[in-house]
Amino acid sequence: IPIRDGPPPPTYVASINGPTLARSGNICSWSAATNIPDAAFQWSVDGAVVSASPEILLSVQSSFTLSLLVSNGQGASASTSIFVSVGTENANCESQ
């Protein structure tokens, strides 16, 4: 008789929706998307935690890495990051 361990655990994902290009002085927004139930959010800019909400609004001055960690009390977690290029030649809060 074969032993069945049940279905494999779900693969959890996190993604960041928002611009990857911005002009210095812009105020841009990003939002989190995830399949983790009862999720808690942690946003970081260049490694420094800046917010714990599902959406973030930042005044951008220079290029940075925006990171997102999503987790819950049951041990599920996922993370992702994007590089946001800030320059005078960029349009306002532009996704690429």
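The coordinates are above.
What you see is a predicted model, and the numbers here were worked out from it, not measured in a lab. (Residues numbered from 1 in each chain as written. Predicted model: local features only at pLDDT ≥ 70, side-chain atom pairs only at ≥ 80, totals over all residues. Heavy atoms only, no water.)

Caption draft 1: Broad picture of the state of the cysteines. For the structure shown, the criterion picks out one disulfide. Note that C28 is cross-linked by a disulfide to C93, the S-S spacing being 2.0 Å. On the sign convention where negative is left-handed, the bridge of C28 and C93, at about -85° about the S-S bond, is left-handed. With C28 in strand 3 (residues 27–34) and C93 in the segment after strand 8 (77–86), this residue pair connects regions lying 65 residues apart in the sequence. For C28, a relative accessible area of 1% corresponds to the buried category. The exposure class assigned to C93 is partly exposed, which follows from its relative accessible area of 27%. (Disulfide = S-S within 2.5 Å. Helix = DSSP H or I, 4+ residues; strand = E, 2+ residues; numbered from the N terminus. Buried < 20%, exposed > 50% of the residue type's maximum accessible area, 1.4 Å probe, protein only.)

Caption draft 2: The arrangement of the pairing of strand 7 (residues 64–71) in detail. Burial of the side chains of strand 7 is restricted to one face: F64, L66, L68 and V70 are buried, whereas none of T65, S67, L69 and S71 on the reverse face is. Of the strand pairs in this sheet, strand 4 (residues 40–45) and strand 7 are connected by six bridges, and their pairing is antiparallel. Bridged to W43 within strand 7 is L68. Strand direction decides the pairing type here: strand 7 and strand 8, joined by eight bridges, are antiparallel. (Pairing = 2+ DSSP bridges.)

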